[in-house]
Structure formats: structure tokens, C-alpha cells
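# Coordinate analysis (summary)
One-letter residues, chain by chain:
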Amino acid sequence: MKPNAHSATSFYSLMRNQAGELLLIIDAEDSEPLEPLLLYDGGTTLLLHRNAGSNRALRNLQADAAQSLRGATSVHVVEYEGDERLVRQYDAPMRIVHNVDDLTW
């Protein structure tokens with residue numbers, strides 16, 4: 001992926017585990033996340049900044065997912081390869097921005 005590239009994620013799932021933590025499950029990428037960050041404006045798109053060359057736009061958030069994100073300070077991200085192979089997991093702090101669509105294409 002080219003530096004500063006944005007990609008739309010075809011598969012993702014946002015849920016809450018038994019401990020009440022928000023979990024974001026996505027397809028794994030080849031690169032490692034470096035200081036990951038979630039950018040959100042309260043709408044239907046969430047942007048995951050993984051590193052300088054990898055940003056993932058998570059579009060069409062459902063209303064209940066959007067509501068959960070509005071109060072979150074961080075989200076636990078889980079990257080899977082295929083249906084079963086856990087590749088990595090990490091926490092990503094949440095930052096509220098004015099308009100996340102200005103940051104994606």
C-alpha cells in the first residue's frame with residue numbers, strides 16, 4: 001500500500017465484549033500498527049489510522065455502533081486473517097474530529 005493511503009474495509013465488526021470493552025474486528029494487514037488512532041465525528045464513518053502508510057475507513061456504521069463510539073475513549077482492535085487466525089490485537093485511542101470524511105476519500 002502506498003504511503004498515506006486510505007482503504008475502505010470490506011469486513012469489520014464492532015461489538016462489546018463481556019467486560020464491556022468495545023472491540024473492533026477487522027481483516028489483518030501485512031504492516032504493524034504504530035501508534036494507532038481512531039478518528040470519529042459521531043457519524044457513519046470511523047477512520048483507523050494504523051501507521052503512516054495505512055489508514056482504514058470503516059463506513060456505514062449502524063446507529064447502535066455509532067452511539068457506543070460517541071462515549072468511547074479507546075477501542076480494542078483485533079486483526080484476523082481469514083475466519084480464525086488471530087494476527088494481532090492492540091488498543092487504539094479515540095479522537096473526536098470535526099469531519100472524518102474530510103480525512104478520507
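Note that the structure is predicted; figures quoted are calculated from it, not measured. (Residues numbered from 1 in each chain as written. Predicted model: local features only at pLDDT ≥ 70, side-chain atom pairs only at ≥ 80, totals over all residues. Heavy atoms only, no water.)

## Looking at unusual backbone geometry
Here E35, not a glycine, exhibits a phi torsion of approximately 50°, which is positive. Within the fold, E35 resides in the loop between β3 (22–27) and β4 (37–40). Under the relative-accessibility criterion, E35 is labelled exposed at 73%. You will see that N60, though not glycine, has its phi angle at about 65°, which is positive. Residue placement: N60 occurs in the loop between β6 (54–58) and α1 (63–70). Since its relative accessible area comes to 61%, N60 is described here as exposed. (Helix = DSSP H or I, 4+ residues; strand = E, 2+ residues; numbered from the N terminus. Buried < 20%, exposed > 50% of the residue type's maximum accessible area, 1.4 Å probe, protein only.)

## Concerning the pairing of strand β7 (residues 74–81)
Across five bridges, the pairing between β3 and β7 is parallel. When the bridges of β7 are listed, L24 appears paired with V77. The sheet contact formed by β7 and strand β8 (residues 85–96) spans eight bridges and is antiparallel. Bridge pairing links E79 to R88 in β8. (Pairing = 2+ DSSP bridges.)

## A few points about the pattern of salt bridges
Under the counting rule described, the total for this entry stands at seven salt bridges. Across the pair R50 and E29 runs a salt bridge whose closest N-O atoms are separated by 3.1 Å. One end of the pair, R50, is in strand β5 (residues 46–51); the other, E29, is in the loop between β3 and β4, with 21 residues separating them in the sequence. For R50, a relative accessible area of 0% puts it in the buried group. Where D101 meets R59, a salt bridge forms, and the shortest distance between an N and an O atom there is 3.7 Å. In this pair, D101 is assigned in the segment after β8 and R59 in the loop between β6 and α1, connecting sequence segments 42 residues apart. Under the relative-accessibility criterion, R59 is labelled partly exposed at 27%. When salt bridges that share partners are traced, they join E29, E32, R50, R56, E79 and R88 into one network. (Salt bridge = Lys/Arg side-chain N within 4 Å of Asp/Glu carboxyl O.)

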